[in-house]
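Chain by chain, the residues:
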Amino acid sequence: MKKLLIAATVVLVSSSPLVLLPMEKELTLTPKQVQKLTQNTTASLTQFKQIPKNPRTITTILTYKNKDLTEFKTSIQADTKLSISAIFWNAKGEPVFQLQDGDYVAASQKSIIDDSIYNRKPVDMTFWTKDGLTVYKEPYVLGTEKADSKLASFKPIKVSQAAQTHAGTYYLVDGEGWINASDLSTTDNRIEAVQKVLNEKYNNQERISVYVKQLDTDRVAAINDEKSMYAASVAKLGVLYYAQERLSQKKLSLSDEYQYTSAVNGFPGAYDPDGSGKISKMPDDKNYSLENLLKAVAQNSDNVATNILGYYVTNQYDKAFQKSVDKAAATSWNKKELTARAAGTLMEAVYRQNGDIITYLSSTDYDGERISKNIDVPVAHKIGDAYDFKHDVAIVYADSPFILSIFTDKEGYDKITSIADDVYGILK
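Attention in this report is confined to the structure presented alongside it. (Residues numbered from 1 in each chain as written. Predicted model: local features only at pLDDT ≥ 70, side-chain atom pairs only at ≥ 80, totals over all residues. Heavy atoms only, no water.)

**Examining the packing of aromatic side chains**
Right, so step 1: Enumeration according to the criterion identifies 16 aromatic pairs in this entry.
Right, so step 2: Here the aromatic rings of Phe127 and Tyr171 are separated by 4.8 Å at their centres, their planes lie at 45°, and the arrangement is tilted. On the criterion of sequence distance, the pair formed by Phe127 in strand E10 (residues 118–129) and Tyr171 in strand E13 (residues 168–173) is long-range, its members being 44 residues apart.
Right, so step 3: Under the relative-accessibility criterion, Tyr171 is labelled buried at 13%.
Right, so step 4: Seen from the ring of Tyr271, Lys236 lies directly overhead, with NZ or CZ sitting 4.9 Å from the centre.
Right, so step 5: Above the plane of the ring of Tyr271 lies Lys335, whose end atom (NZ or CZ) is 3.8 Å from the centre. (Phe/Tyr/Trp six-rings, centres within 6.5 Å; stacked < 30°, edge-to-face > 60°. Helix = DSSP H or I, 4+ residues; strand = E, 2+ residues; numbered from the N terminus. Buried < 20%, exposed > 50% of the residue type's maximum accessible area, 1.4 Å probe, protein only. Lys NZ or Arg CZ within 6 Å of the ring centre and 35° of its normal.)

Set out below in structure tokens:
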């Protein structure tokens, strides 16, 4: 049994002034009475009290010949506008609409809505358009026409008004029209456009691996980004990262010098001194500053400079080096094979260091080709070439900087440039 407490008052008679004291009395309701009370309250909240401005059905409804809704006549399909002439309360106390043709329908908000514009107000907000957005002449209600708009997907827009309809929240772009909130993003969503282009143009090309990360949003677009390929000189990025880490920790100085002896080209993991670079292929016993060695690796991809750094700075790629670079790359950094994602992740770590290495990588012998060839903002990048493998991994300093890592097998530099141009065209 449910119990309700009802407040009552009694008058106490005495020589003193009248005092009203509360009394509590229990009122019990049967389960059926509680159920009826609940149903009546719920029904009251879902029933119309007046004729809506623009009534529309949202479900199939039944029509009746009488306002007590006992003599069925026909049905009306969902998404039908109604012409209502009056509202009545029948013998059961239920609100009923009389239609223009004389039929009666239940005045229930479960099946009929007021398909009108309400709560319209000025705003000053910025959004990003989503793919395939629809623009309307007014906030959408049934029958609203689409606007002749040229708004493109994945672009920033300013809105000046907001309005509510049964279909949702709509925002006004001056001179263009109204857009549903579901077609707008509160954050930069251009990486979705990048993914769309990669899927459409490059996803079926197994010899291409691409990883893109927008650094302001931490959002990624990629194809085949976990595919391992021969790393070539991209692996030297690990040496550059580790050297910068120790510089930042004050454990090294750019003025430190290291002697070029025969040992630097002979330890396990050393590069072939006859490969790329300008430092003498034969040991000359000269001292080279850390600054010049780092520039040689970053700008010329110098094998000998990498070996000198590998021998002295990384202690022949010891456990401390491996642990540091593995953590930065979020994977096991392998000198022989890497993925575009691993290279891009380590390049992001270099970006976060914000040290001298970025300056050196921003002016290299390879700026006229691959990623940076047609891009008109600063690019810090590390290339890799060996056999049929041609790679480039970069920080592109657009208004919203991003990482771009491209690995290829049996493709030319122009393919890398084409991919870079497509990505930059969206994110610039």
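Read on, since the account is not over.
**Comments concerning the environment of Met347**
Right, so step 1: As for its placement among the helices and strands, Met347 is situated in helix H7 (residues 340–353).
Right, so step 2: Given the relative accessible area of 0%, Met347 is considered buried.
Right, so step 3: Taking the C-alpha atoms as reference, Met347 lies 8.7 Å from Ser405; in sequence the two are 58 residues apart.
Right, so step 4: Apart from the residues within four sequence positions on either side, Met347 is in contact with Leu237, Leu361, Ala380, His381, Lys382, Val393, Ala394, Ile395 and Ile403. (Contact = heavy atoms within 4.5 Å.)

**What to know about the sheet that holds E10**
Right, so step 1: In space, the 6 strands of this open sheet follow the order E11-E14-E13-E12-E10-E15, with antiparallel pairing throughout. The open sheet terminates on both sides in strands that have one partner only, identified here as strand E11 (135–136) and strand E15 (184–185).
Right, so step 2: Both E10 and E15 contribute to a ladder of 2 bridges, which runs antiparallel. Looking across to E15, one finds that Thr129 is bridged to Leu184. (Pairing = 2+ DSSP bridges.)

**Side note on the pattern of salt bridges**
Right, so step 1: One pass over the full model with this rule turns up 22 salt bridges.
Right, so step 2: Taking the shortest distance from any N to any O, the salt bridge between Arg341 and Asp225 comes out at 2.5 Å. With Arg341 in helix H7 and Asp225 in the loop between strand E17 (219–223) and strand E18 (229–230), the pair connects residues that are 116 residues apart, well separated along the chain.
Right, so step 3: The exposure class of Arg341 is partly exposed, given its relative accessible area of 28%.
Right, so step 4: The structure contains a network of salt bridges with shared partners spanning Lys213, Asp218, Glu348 and Arg352. (Salt bridge = Lys/Arg side-chain N within 4 Å of Asp/Glu carboxyl O.)

Read these as layout, nothing more, since geometry by itself doesn't imply function.
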